[in-house]
Amino acid sequence: MTWRSPLALMRDALRGQRARDKELRNLVSNLPYEGLDKAKQPNRHFPSNAIKTTKYTLLLFIPMNLFEQFHRLANIYFVGLAILNFIPVVNAFQPEVALIPICVILSLTAMKDAWEDFRRYQSDRKLNNTPCLIYSRKEKQFMERRWKDVRVGDFVKVVCNEIVPADLLLLHTSDPNSVCHIETANLDGETNLKQRTVVSGFLNSAFEPESFTGVVVCEKPNNNLNHFKCYVEKPDKERAGAGIESLLLRGCTVRNTDHAVGFVVYAGHETKSMLNNNGSRYKRSKLERKLNIDVIFCVILLFAMCLVGALGHFLWLQALPGIPPYLVPDSSGHLDGPSLSSFYTFFTMIILLQILIPISLYVSVELVKIGQIFFITNDTDLFDEETDSRMQCKALNITEDLGQIEYIFSDKTGTLTENKMVFRRCSIMGTEYPHKENDKKLLQQISRAESSSGSRKTDPYLDFFLALAICNTVVVSMATAQRRRVSVLLWMGSGDGGHSQERKDGGKICPIKISSILNRTFSDSSVVEEDHFQPSVKKERNGGSYALQTCSLHAASESNKPVATSDNLRYEAESPDEAALVYAAKAYGFILLARTPDSVTVRLPSGEDLVFKVLDTLAFDSNRKRMSVLVQHPITKEYVLYTKGADYAIMELLVHLDYIYCGKQKNTAADTQHHLDCYAKEGLRTLCVTKKVVSAKVYESWLVDRQRALAAIDNREELIMDTAVQLETNLSLLGATGIEDRLQENVPDTIMALREAGIQVWVLTGDKPETAVNIGYACRLLEEEDLVINMTVGFQITCTSILDCTLEEVRRYGEDPRNVDTRPDISLVIDGRTLTMALSPDLQERFVDLAKRCRSVLCCRVTPLQKSRVVKVIREKLKVMTLAVGDGANDVNMIQAADIGIGISGQEGMQAVMASDFAISRFRHLKKLLLVHGHWCYTRLANMIIYFFYKNVAYVNLLFWYQFFCGFSGTAMIDYWLMIFFNLFFTSAPPVMFGIMDKDVSAELLLGVPELYRTGQGAGAYTFSTFWVSILDAFYQSLVCFFIPYLAYQDSDIDIFTFGTPLNTVSLFTILLHLSIEIKAWTVVHWVIMLGSVALYFVVTLAYSAICVTCNPPSNPYWILQSQMADPMFYLVCLISTVVALLPRYHQNSIAPSPIVQARHLDRLDPSEREQWIKEWRSFRGGGQVKRSRLSTPPSPSLGTPADLFPESPTTAEIIGDDFTLNVISENYQRPVHT
């Protein structure tokens, strides 16, 4: 290696930093520079692909770890006291002994950190040494290297089932359509296949890495997994734009593709996956914040006690008639005066009473939380057999917050509902067709349309189903060609028919692994119920004519032998909606056979296959609320734009022409809108489907703008969206679809239980108000007797007026003396546009004031950003504990904004789960998670922390009271080693066990009486008063434990340690029996730990008294406990002191009429008697089973009278309007307040 001057190294480092900080990077191939020094490499400034996630190095572990641990002020405090004890004038104990407690705590934490870091080191080493294929110019082929050898500018080849080692720009694939299929489960949890396409300038061309002479211009690395800006500039200055659709991300797995070749654009810590790898998020719980405040109170209390000691020592010295012989002057004969001695005594007292601050409390809290998480994750009631998934805890330090939730913000689709879409009905050209009733009529209509259209194959009915089959991003695969994943590979042999398959293009597919895990795919059964008539149309030639037949829409048989029929097709969709529409098209004979980046093949009911050339796909985005596919019709050669999207986003883009059908002019848009309203009232999800024929001139002009937008770097997303909006105008409406998304099991019961627990439930959804309100009634978010306030306005002045009028009405109701002990059941329905106005600075306070008076709030048509904004506003304005639950990527912002975020692992991928603090499989699991585990975690931890403070104050006060009899000299009557053992061993395990395993109320009663959850809300069980009551109790018990032995041994000749031994023993019994009173559910573990602690105390103390004669000179604890145990006075003192000390605590727990105490009395009843009591109580509360669920098998609407869909409840049209309306749903406006 050539020597370089430090100046040159510094200059190169600065250049590298500037290169990495640029917004745009110019990358070239490394091949021409292969073998040259690093200084001559063009991409040398960018990091290598080696990763390092460890925090420490071997040499610097101790100083770095200590620096990390000293971020905790408690550790600094105890180290400072240990150092202070080395000063002779203030030391209270042997200096080396004072270091033991803090050294033990620091050592245990350091060992834990070292083990975790060593595991990270092993993981990094394994990953960095994973083999991969990198092209070598010298060898003229791809050579096997390690991941750590990959550099920006290299060409990397990835084969089937391999993980991508770095972020690669896709330049070549083995697929003839230039497609590479990848699975992104390692990044976002989604197991459905995604397509990546070769950069546009390299499609269908033989690729040689050495012939690549272009410059790759890409954006600065960022953590956005869904966006990427890049273009390849060829030597002729031609630019080929590329986006995320051409980027293979590190961590993805290549599937169903023999191999792919890519150009490395980001490596190592600059890859998108590494930039998203932030580790577990740290949140500070509400209880922890209170704990820190109480630690400060303990510090103040400690200083007060030390001041008393210093003042007492000063007064004691002042009162002495002369200099006593035990005050020894220094070597020069100087004796400190009372003032200076009392100053030193202040610090001596701090050292003596230091354990008033619980040194092991933070470690114990962490142990308790780990134990609580173990029991939560292993609860079989939170296990979902259907998905084979259990509860996940991703945030390890906020379990107790689950017991203090006051507001829940929930998504609807996939959270309250199954997100398993069932195609129910459709409207085509103004005519409504229920899928399960009149589908024969629709089949006949399709047959007539196909016959009348002749060879052109253009008819509104045909176009409608072609749009359903084409306008999506569904990936088509064979049901028998499933993905395999395991480590052992079986290369295909010529005679092994079980393990070898042939590709359509004649090549063999990649190695197949032994065992398989099926990816999430959508089968026919997920979109149509089995007990319904499920037509799928196909035409078979019969003597020169086509016979119409129906075939089942059930899932294809998964036999090992592939059958070359359309029944073996498997559709992998990014959303269940797309899968439902594709299967619906298949049910009526329009079968999606294949999809490539350039074409899509659809089989018509007649059996004829049409191959549409795909010109462009205008992807869905949250602003446009629609997606489009531009294709060239294979017969007419017309450019056709098929679009589907939300009705409000489509209707405003329609061309205002009525359609002539059968000689009658039909107002298609108005009829379709009427059908859409009916669908929404049934709770169906609605989409509009349109078509537009684009002229060649318009297309060519638009294509120029489109290519310019795709090649842009700055404002690329905005330019792409503008080109989409430019084309999506003057659309012709084909029809609409209604898809059912059923409620999950037990959702109404869960919401009722949460509401009875004092939790406000809000639902934030992007659905139409009509759909959302219908589901609101079905899940009992809205009740028949509710006063529903609708807020759907167009102007801010109207919104202001509504808020003012409504608030005045609600306040007037509360002030009416006739309404004592009653409250109105108010629910609020608000749409996204009005919500934006209500959250403006001028109206925010009024909106929050109204919302907190509502029993439930339903927000419709809201965006992901609005969801998070609502959560933040409510949390900050009302100072309440919030929980957000969702299942999709659009819920991530809301989940991260709440105090606790819960992700549901459903059909929408795993983004919500990965961003959450806890993950569940079903919404119903929320009931037990909060009402049982949340209550237990909070009460256990709160009681344990209070007990910890009590324990330390009660013990340290024994030393404090003794100071009144030893001139406040800082002398201890208990051997210091036994004092250390007392906190580290004798009394450390019981409170940890108490915090992990105690159950104040049984799970059955907590679920049966949800109101018990309210004991943890607001201030909860851990309040200012409970803390100080426990401190006062500790003072009382310490007084009893000190003065009863003092009076018993008064005027006797026992020495100081003989007096301290019964004090230590009485204190142990009192502290452990105090905990025994607090324990509500005794198990074998409780008995073993409690009795074991007592046994350990006597064994260690007896051994110490017998063996350790000079461990702590000049004290001599020899045979003290043995002598005490031979004296009956010792047992009498222990018995009387313990009983007198615990009497107040015992009576307080016996007579306190709290709901928890009453619940414990119920727990003692027989199960049948307890169940009967809960049933009677629930009937009094108006609980019980849910009476209805409007989403199960919706009735066929009478389209002429849509208001009569649900005669037993109000229609949404009565609730939703452009003006302010107050609709009293029932005459039962008032309801007694139940406590």
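It should be emphasised that the depicted structure is a prediction, and the values quoted were computed from it without experimental measurement. (Residues numbered from 1 in each chain as written. Predicted model: local features only at pLDDT ≥ 70, side-chain atom pairs only at ≥ 80, totals over all residues. Heavy atoms only, no water.)

1. Comments concerning the overall build of the chain
Now for step 1: Across its full length, the chain holds 37 helices and 42 strands.
Now for step 2: Look at the contacts in the chain between residues 6 or more apart in sequence, and 76% of them connect residues 24 or more apart.
Now for step 3: When the accessible area of the chain is evaluated, it comes to approximately 53,600 Å², of which 57% is carbon and sulfur surface. (Helix = DSSP H or I, 4+ residues; strand = E, 2+ residues; numbered from the N terminus. Contact = heavy atoms within 4.5 Å. Areas by Shrake-Rupley, 256 points an atom, 1.4 Å probe, with all protein chains shown as cover.)

2. A look at the sheet that holds strand 28 (residues 639-645)
Now for step 1: The strand order across the open sheet formed by nine strands is 17-16-32-31-28-27-26-25-24, and the pairing between neighbours is antiparallel. Of all strands in the sheet, those with a lone pairing partner are strand 17 (431-434) and strand 24 (591-595), marking the two edges. Between one strand axis and the next, the sheet turns through 30 degrees on average, direction left out of account.
Now for step 2: Strand direction decides the pairing type here: strand 16 (residues 417-428) and strand 32 (residues 732-743), joined by eight bridges, are antiparallel. (Pairing = 2+ DSSP bridges. Axes fitted to C-alpha atoms, helices over the stretch in contact; angles between N-to-C directions.)

3. Here we look at a positive patch on the surface
Now for step 1: The grouping of Arg-11, Arg-15, Arg-18 and Lys-22 at the surface amounts to a positive patch.
Now for step 2: With respect to the helices, strands and loops of the structure, Arg-11 is situated in helix 1 (residues 6-21).
Now for step 3: Judged by its relative accessible area of 42%, Arg-11 falls in the partly exposed class. (Patch = residues over 30% accessible without salt bridge, like charges linked within 9 Å, V, L, I, M, F, W, Y side chains within 5 Å. Salt bridge = Lys/Arg side-chain N within 4 Å of Asp/Glu carboxyl O. Lys, Arg positive; Asp, Glu negative; His and termini not counted. Charge placed at Lys NZ, Arg CZ, Asp CG, Glu CD. Buried < 20%, exposed > 50% of the residue type's maximum accessible area, 1.4 Å probe, protein only.)

4. Quick notes on the UniProt feature "binding site: Mg(2+)" (unreviewed entry) in the chain
Now for step 1: Under the UniProt annotation, the feature "binding site: Mg(2+)" (unreviewed entry) is placed at Asp-411, Thr-413, Asp-887 and Asp-891. The named residues occupy 481 residues along the chain; their greatest pairwise C-alpha distance, 10.6 Å, places them in one compact cluster.
Now for step 2: Among the structural elements, Asp-411 can be located in the loop between strand 15 (407-410) and strand 16.
Now for step 3: Classification of Asp-411 as buried rests on a relative accessible area of 4%. (UniProt positions renumbered as here; feature names shortened; annotations may be inferred.)

5. Brief notes about unusual backbone geometry
Now for step 1: The residue Lys-625 is not glycine, and still its phi comes out positive at about 60 degrees.
Now for step 2: Considering the arrangement of structural elements, one finds Lys-625 in the loop between strand 26 (609-618) and strand 27 (626-632).
Now for step 3: The residue Phe-968 is not glycine, and still its phi comes out positive at about 55 degrees.
Now for step 4: Following the sequence through the fold, Phe-968 ends up in the loop between helix 26 (925-963) and helix 27 (976-986).
Now for step 5: In this structure Phe-968 comes out as buried when scored by relative accessible area, which is 9%.

6. Observations regarding the confidence of the model for the chain
Now for step 1: With 83% of its residues at a pLDDT of at least 70, the chain reaches an overall mean of 80.
Now for step 2: Counting interchain partners and residues more than four positions distant, the pLDDT-below-50 stretch residues 484-564 has 171 contacts.
Now for step 3: When the criterion is pLDDT under 50, residues 1182-1235 qualifies, and its contacts beyond four places in sequence or with other chains add up to 144 contacts. (pLDDT = per-residue confidence, 0-100.)

7. A word on the pattern of salt bridges
Now for step 1: With the rule as written, the count across this model stands at 45 salt bridges.
Now for step 2: A salt bridge links Arg-922 to Glu-386; its shortest N-O distance comes to 2.7 Å. Pair noted here: Arg-922 is in the loop between strand 40 (918-920) and helix 26 and Glu-386 is in the loop between helix 10 (361-377) and strand 14 (392-393), with a separation of 536 residues, a long-range link.
Now for step 3: Assessed through its relative accessible area of 53%, Glu-386 is described here as exposed.
Now for step 4: Its salt-bridge partner being Glu-783, residue Arg-780 comes within 3.0 Å of it at the nearest N-O pair.
Now for step 5: Residue Arg-780 is classed as buried on the basis of its relative accessible area of 10%.

8. A short note on the nonpolar core
Now for step 1: Residues Leu-353, Met-944, Ile-945, Phe-949, Met-973 and Tyr-1022 are the most contacted members of the largest nonpolar core, which totals 96 residues.
Now for step 2: Setting aside residues up to four positions removed in sequence, Met-944 forms contacts with Leu-361, Ser-364, Val-365, Val-368, Pro-991, Val-992, Phe-994 and Gly-995.
Now for step 3: Membership of the second largest hydrophobic core comes to 53 residues, among which are Ala-467, Tyr-571, Leu-604 and Phe-612. (Core = buried A, V, L, I, M, F, W, Y, C linked by side-chain atoms within 4.5 Å.)

9. Here we look at the sheet that holds strand 13 (residues 259-266)
Now for step 1: Pairing in this open sheet of six strands is antiparallel, and the strands run 3-2-4-13-5-11 from one edge to the other. The sheet is open, and its two borders are formed by strand 3 (141-146) and strand 11 (247-248), each paired with just one other strand.
Now for step 2: Sheet topology note: the strand 2 (residues 131-136)/strand 3 ladder contains six bridges and is antiparallel. Paired with Ser-136 across the strands is Gln-141, a residue of strand 3.

10. Describing helix 15 (residues 668-681)
Every α-helix carries 3.6 residues per turn, so stepping three or four residues along brings you back to the same face.
Now for step 1: Taking 1.5 Å as the rise per residue, helix 15 with 14 residues should run 20 Å; its terminal C-alpha atoms sit 20 Å apart, in good agreement.
Now for step 2: For helix 15, the set of buried residues is Thr-668, Thr-672, His-675, Leu-676, Cys-678, Tyr-679, Ala-680 and Lys-681.
Now for step 3: Two residues or fewer after helix 15 comes Gly-683, characterised by a positive phi angle close to 85 degrees. (Expected span 1.5 Å × (residues − 1).)

11. A word on the side chain of Ser-628
Now for step 1: Looking at where Ser-628 falls in the secondary structure, it is placed in strand 27.
Now for step 2: Among the polar contacts made by the side chain of Ser-628, one reaches the side chain of Thr-643 at a distance of 2.7 Å.
Now for step 3: Not counting residues within four places of it along the chain, the set of residues in contact with Ser-628 comprises Cys-471, Asp-616, Thr-617, Leu-618, Leu-641, Tyr-642, Thr-643 and Glu-728. (Polar contact = N/O pair within 3.5 Å; in protein donor to acceptor, adjacent residues only side chain to side chain.)

12. Digging into the side chain of Arg-855
Now for step 1: In this fold, Arg-855 is placed in the loop between helix 22 (844-852) and strand 37 (856-860).
Now for step 2: At a separation of 2.8 Å, a polar atom in the side chain of Arg-855 contacts the side chain of Asp-786.

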